[in-house]
There are 2 protein chains.
Amino acid sequence: MFRVSAADPLKNIRIVLCETAHPGNIGAAARALKTMGLGELWLVRPERFPDPQAEWLASGATDVLRRAKVCGSLDQALGGVALSVGCTARTRELAVSLVTAREAAARVIEVARAQPAALVFGNETFGLTGHQVDRCRLLATIPADRRYSSLNLGAAVQVFCYELRQAALAEAGPRYKSRALASHEQLEHFFAALERSMIETGFLNPEHPKKLMPRLRRLFSRAQLEKEEVHILRGIVKALTQRKAGPRKSG
Amino acid sequence: MFRVSAADPLKNIRIVLCETAHPGNIGAAARALKTMGLGELWLVRPERFPDPQAEWLASGATDVLRRAKVCGSLDQALGGVALSVGCTARTRELAVSLVTAREAAARVIEVARAQPAALVFGNETFGLTGHQVDRCRLLATIPADRRYSSLNLGAAVQVFCYELRQAALAEAGPRYKSRALASHEQLEHFFAALERSMIETGFLNPEHPKKLMPRLRRLFSRAQLEKEEVHILRGIVKALTQRKAGPRKSG
């Protein structure tokens, strides 16, 4: 299990690389993590791993590579995570909650003092997919030149890890008591229940879902819901719908 | 000659790589420069340049590579420069002033609004020599983990260029287009409708409301809802409840 470390939030942060094509980038990422005092590298369906290229570019950080966790899905990599931040170079249609790397780092460090957090990076060529973005509670970007904003994956990981370390060093201690944020699983269950209710009542047509669920995901992600709040929201959805489809047992 | 640009200090900064061993790092540096809006790459006695590895890692920044100036000495690369900053991972005995990358960036940008400035990077293995350090007016370091502080050269260039860009942008205005936030009235109408629905379904007991509405208000306030989102939420509440209390006219 992931050990919560109040003493060092950097140890409580996962760097999640999705469908990485070049093993050299995985090695570069491992080195970037280690230089900044991070250690948790999670790999979702890497194309080639382990690989000598990864070892070579990891340089003195092969221990981080060896401890890297390979997962079959992003949901698995985000298990137990309270704040997941998608790192993207693109402005997206529905990317309402887009903050800079620096601001994201401050928020991640605040959360990571009490609960696991994660930064999520997409494939080198395609970036994060819509499905992957949906799993993130916040999007962050490195303010780059608009004419050429494509950082190398290893370089982007370096900048984000650097900002995380600066944020951790800047804060002597938690200024506000941290909230008990809902876990990834809790949120996904809530989204699923909400979607079911909307389909049952005909508000959401599964044949033509439009952007309804992505919009709702982003809205609630922005709020960074607490455990208790997800509880309340699920209760409301249940209460509003329970007697709808005719006589049912309450509960 | 180097053209002074008051409008864009980033165009007035040289990134100088000394005796670089791996051409891939030169390519990675070119890409790092371009993504951050810099363009002046100076190479002091590179071991292999030009080289296909450099081209490959430069990706979309091969134009920066092609314009790179190859010099026989650091003094040549620093000709006309008003502030030269040596970038180092090591603490040195006779260190001139040692500042963080962030502080160095602020100083460099200030100078570069009027005069050329430069960041100087040493060889991958040996770093800056004493002779090279002597040519720098300031030393800067990336605050890294002391147990493993050795960043890849390309990654270090990326972090410094990133900090330069952040320093240059610091005085700029809002970078992201603002969202169409819901008005006060819109939100209050939504809260009222939500409260009515919860009372009708018995989820909220108006005799003992506890903290339910204040909690929901806080939650949705945190999300800073857009007009469109309030619309959607009201639609959902309506759809979930409309047939509940027995046969009613839809609408």
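Residues numbered from 1 in each chain as written. Chains lettered and ligands numbered in written order. Predicted model: local features only at pLDDT ≥ 70, side-chain atom pairs only at ≥ 80, totals over all residues. Heavy atoms only, no water.

1. Let's talk about the packing of aromatic side chains
Formally: Aromatic rings from Phe, Tyr and Trp, with only the six-membered ring used for Trp, were paired whenever their centres fell within 6.5 Å, and each pair was classed as stacked if the ring planes differed by under 30 degrees, edge-to-face if by over 60, and tilted otherwise. Each residue is assigned to one of three classes by its accessible area relative to the maximum for its type, calculated with a 1.4 Å probe on protein chains only: buried under 20%, partly exposed between the two thresholds, exposed over 50%. Only DSSP runs of H or I covering at least 4 residues are called helices, and only runs of E covering at least 2 are called strands; the numbering of each starts at the N terminus. For a lysine, the NZ atom is tested; for an arginine, the CZ atom; a charge sits over a ring if that atom is within 6 Å of the ring centre and within 35 degrees of the ring normal.
According to the stated counting rule, one finds 7 aromatic pairs over all chains in the structure shown. On the numbers, 5.8 Å between centres and 40° between planes, the contact of Phe190(A) with Phe191(A) is tilted. Each member of the pair, Phe190(A) as well as Phe191(A), is classed as buried. When the ring of Phe220(A) is compared with that of Phe220(B), the centres are 5.9 Å apart and the planes differ by 55°; the resulting orientation is tilted. Taken together, the residues span two chains, with Phe220(A) in helix α9 (residues 212-223) and Phe220(B) in helix α9 (residues 212-222). Across this residue pair, the class does not change: Phe220(A) and Phe220(B) are buried. One cation-aromatic arrangement involves Arg14(A) over Trp42(A); the distance from NZ or CZ to the ring centre is 4.3 Å.

2. A look at the layout of surface pockets
Residues and elements named next belong to chain B. Going by this rule: Whether a set of points on the 1 Å grid over the protein atoms alone is a cavity depends on a 1.4 Å probe fitting there but being unable to get out, while an open set qualifies as a pocket with protein on both sides within 12 Å along at least five of seven lines; lining residues are those with an atom within 4 Å of a point. Grid points are joined across faces, edges and corners, and a volume is the space filled by probe spheres set on the points. Residue polarity is assigned by list, with Asp, Glu, Lys and Arg as charged and Ala, Val, Leu, Ile, Met, Phe, Trp, Tyr, Cys and Pro as nonpolar; anything else, Gly included, falls into the polar class.
In this structure, the second largest pocket occupies an estimated 420 Å³ of space. Around the second largest pocket, the lining is made up of 24 residues, and of these Cys-87, Thr-88, Ala-89, Gly-127 and Leu-151 lie nearest the centre. Contributions of two or more residues to the lining of the second largest pocket are made by β7 (138-141) and α7 (153-169). It is α7 that provides the largest number of residues to the lining of the second largest pocket, a total of 3 residues. Of the residues belonging to the lining of the second largest pocket, the class tally is 11 nonpolar, 9 polar and 4 charged.

3. A few points about the sheet that holds strand β3 (residues 69-71) of chain A
All names here are of chain A. Inclusion rule: At least two bridges found by DSSP between two strands is the condition for calling them paired. Here the axes come from fitting lines to C-alpha atoms, over the contacting stretch only for helices, and the angles between their N-to-C directions go from 0 to 180 degrees. Note on contacts: a residue pair qualifies if any of its non-hydrogen atoms lie within 4.5 Å across the two residues.
The 7 strands are arranged β3-β2-β1-β6-β4-β7-β5 in an open sheet whose pairing can be described as parallel. Unpaired on one side and paired on the other, β3 and β5 (98-100) mark the two borders of the sheet. Strand-to-strand, the axes of this sheet are offset by a mean angle of 30°, without reference to chain direction. With 3 bridges joining them, strand β4 (residues 83-87) and strand β7 (residues 138-141) adopt parallel strand pairing. By the bridge assignment, Gly-86 is partnered in β7 with Leu-139. Strands in contact with helix α5 (residues 101-112) are β1 (13-18), β4, β5, β6 (117-121) and β7; relative to β5, the strand with the most contacts, it is inclined by about 95°. Those strands touched by helix α7 (residues 153-170) are β1, β4, β6 and β7, and its axis lies near 155° from that of β6.

4. Quick notes on the sheet that holds β7(B)
Consider a sheet: its strands pair through backbone hydrogen bonds, and that pairing is either parallel or antiparallel. Residues and elements named next belong to chain B. Strand order in the open sheet made by the 7 strands is β3-β2-β1-β6-β4-β7-β5, with parallel pairing throughout. The open sheet has two edge strands with one neighbour each: β3 (69-71) and β5 (98-100). Geometrically, the sheet is characterised by an average inter-axis angle of 30° between neighbouring strands, direction not taken into account. Here strand β4 (residues 83-87) pairs with strand β6 (residues 117-121) via 5 bridges, running parallel. Paired with Gly-86 across the two strands is Val-120, which belongs to β6. Here helix α1 (residues 23-35) sits on the sheet in contact with β1 (13-18) and β2 (40-44), set at roughly 155° to β2. Sheet contacts for α7: β1, β4, β6 and β7; angle to β6, the most-contacted strand, approximately 160°.

5. Focus: the nonpolar core
Stated formally: We define the nonpolar core as a collection of buried residues of types Ala, Val, Leu, Ile, Met, Phe, Trp, Tyr and Cys that are connected through side-chain atoms lying within 4.5 Å of one another.
Core analysis: the largest hydrophobic core is formed by 99 residues, its most contacted members being Ile15(A), Leu41(A), Ile15(B) and Leu41(B). Residues contacting Ile15(A), with those up to four places away along its chain left out, are Leu33(A), Leu38(A), Glu40(A), Leu41(A), Trp42(A), Leu119(A), Phe121(A), Val157(A), Cys161(A) and Leu164(A). Of all hydrophobic cores here, the second largest spans 40 residues; its members include Leu187(A), Val230(B), Ile232(B) and Val237(B).

6. A short note on the domain arrangement of chain A
Interfaces are often sized by the amount of accessible area the parts lose when they come together. All names here are of chain A. What counts here: Note that the domain bounds reflect an automated or database-derived domain assignment. For this document, the term salt bridge refers to a Lys or Arg side-chain nitrogen within 4 Å of an Asp or Glu carboxyl oxygen. We define a polar contact as two N or O atoms separated by no more than 3.5 Å, with the added condition that, inside protein, one atom must be a possible hydrogen donor and the other a possible acceptor, whereas residues neighbouring each other in sequence contribute only through side-chain atom pairs.
Each assigned domain of chain A is listed with its residue range as follows: domain 1 (9-170) and domain 2 (184-241). Of note, the centres of domain 1 and domain 2, computed from C-alpha atoms alone, are 27 Å apart. In this structure, Asp-134 engages Arg-218 in a salt bridge whose closest nitrogen and oxygen atoms are separated by 3.8 Å. Linking domain 1 with domain 2 are 6 residue pairs in polar contact (both at pLDDT 80 or more), by the criterion used here. Listed by contribution, the elements that provide at least two residues to the side of domain 1 that touches domain 2 are α5 and α6 (130-134). Of the residues in the side of domain 1 that touches domain 2, the class split is 9 nonpolar, 4 polar and 6 charged.

7. Re the interface of chain A and chain B
Spelled out, the test is: Once two parts are brought into contact, the accessible area they lose, counted with a 1.4 Å probe and summed over both, makes up the buried area.
Taken together, the 65 residues of chain A in the interface contact 63 residues of chain B. Of the roughly 5300 Å² buried between chain A and chain B on both sides combined, carbon and sulfur atoms contribute 62%. Counting the contacts that link chain A with chain B gives 5 salt bridges. Here Arg215(A) makes a salt bridge to Glu226(B), at a shortest N to O gap of 3.5 Å. Those elements that place two or more of their residues in the side of chain A that touches chain B are α1 (23-35), α2 (52-58), β5, α5, α7, α8 (184-200), α9 and α10 (227-241) of chain A. For the side of chain A that touches chain B, the element with the most residues is α10(A), which contributes 10 residues. Residue classes in the side of chain A that touches chain B are distributed as 31 nonpolar, 17 polar and 17 charged.

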